[in-house]
Amino acid sequence: MTPRADPAGNVTPAPSAAEITTTFVGLPRDCFRILHVSTGNVCRSPITERLTRHYVKQRLGILGGGLIVESAGTWGHEGAPMEANAETVLADFGADASGFVGRELLDEHVIMADLVLTATRDHRAQVISMGHSAGLRTFTLKEFTRLVRAIDPATLPPLEDGVVVRARALVRAAAALRGWLLAPTAEADEVYDPYGAPLPFFRSIGDEIHQALDPVVTALTGVPARA
């Protein structure tokens, strides 16, 4: 984490990874944190975060069961609202955009995440470069979708064992397949940035995210989307 200065110019040293981890000791770990990462955390990752929450709630009737869904940006606009076109896309899908606040990606976000899903390969590389043994749990969204589609749901723990247990097994299975199922092209693993684009392009990106998320949420929850 980068050292920060207060308004008087006094610099606070960045905490070490060990210190960050110690800060979280005592927090419940019977949860599974999904972290969506893009650049500014005002377009792609907010859409992905809120659609994930929406689809989990549709399948399970609640947003919970130990799943926590968050987002951040590698150049995150700290405290910024979601882009208006992103809010419109979420409304198209019936998802809630209210109360969103942009965040800069920090070490503690990566440390606490059980699964990091990024918009692009560059974002994935940036997350992994932060360390914290993030490599085996960090994927682009479309990469993770491709891997999940190849996993036999019958090999995953049943929902009766809990969403958290199932989700952790899913990430392990996806990581094991990574070297065997490569993308047909580099672009196949990218979700392009709609920042500053007109609403039709935002909607096309929203459709891409929706199509990528649907099999992921089905695998996580063990419940298919409603027809």
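Residues numbered from 1 in each chain as written. Predicted model: local features only at pLDDT ≥ 70, side-chain atom pairs only at ≥ 80, totals over all residues. Heavy atoms only, no water.

S.K.: Requested: an account of the sheet that holds strand 4 (residues 67-73), with residues and values cited.
M.R.: Pairing is parallel in the open sheet, where four strands are placed in the order 4-3-5-6. Strands at the two margins of the open sheet, each flanked by one partner only, are strand 4 and strand 6 (138-140). Recorded for the sheet is a direction-independent mean angle of 25 degrees between the axes of neighbouring strands. The pairing of strand 3 (residues 32-38) with strand 5 (residues 115-118) spans four bridges and is parallel. Note that in strand 5 the partner of His36 across the bridge is Leu117. Its contacts with the sheet put helix 6 (residues 141-149) on strand 5 and strand 6, and the angle it makes with strand 6 is roughly 95 degrees. (Pairing = 2+ DSSP bridges. Helix = DSSP H or I, 4+ residues; strand = E, 2+ residues; numbered from the N terminus. Axes fitted to C-alpha atoms, helices over the stretch in contact; angles between N-to-C directions. Contact = heavy atoms within 4.5 Å.)

S.K.: Give me the pairing of strand 3: which residues, what numbers.
M.R.: The element strand 3 is largely enclosed, with a buried count of seven among its seven residues. The two faces of strand 3 match: Phe32, Ile34, His36 and Ser38 on one face and Arg33, Leu35 and Val37 on the other face are all buried. Examined bridge by bridge, strand 3 and strand 4 share seven bridges and lie parallel to one another. Bridge pairing in strand 4 places Val37 opposite Ala72. (Buried < 20%, exposed > 50% of the residue type's maximum accessible area, 1.4 Å probe, protein only.)

S.K.: Describe unusual backbone geometry, with residues and values.
M.R.: Despite not being glycine, His132 has its phi angle at roughly 65 degrees, a positive value. Tracing the chain through its elements places His132 in the loop between helix 5 (121-129) and strand 6. One non-glycine residue, Ser133, lies in positive phi territory at about 55 degrees. Checked against the element boundaries, Ser133 lands in the loop between helix 5 and strand 6.

S.K.: Quick one: what's the story with the pattern of salt bridges, residue by residue and with numbers?
M.R.: Taken as a whole and assessed by the stated rule, the structure comprises eleven salt bridges. For Arg44, the salt bridge identified is with Asp193, shortest N-O distance 3.4 Å. With a gap of 149 residues between them, Arg44 in helix 2 (residues 44-60) and Asp193 in the loop between helix 7 (163-177) and helix 8 (199-221) connect regions that are remote in the sequence. Overall, the relative accessible area of 40% leaves Asp193 in the partly exposed class. As a salt-bridge pair, Arg121 and Glu190 come within 3.0 Å of each other at their nearest N and O atoms. Taken together, the positions of Arg121 in helix 5 and Glu190 in the loop between helix 7 and helix 8 put the pair 69 residues apart, joining distant regions of the chain. By relative accessible area, which is 33% here, Arg121 ends up partly exposed. (Salt bridge = Lys/Arg side-chain N within 4 Å of Asp/Glu carboxyl O.)

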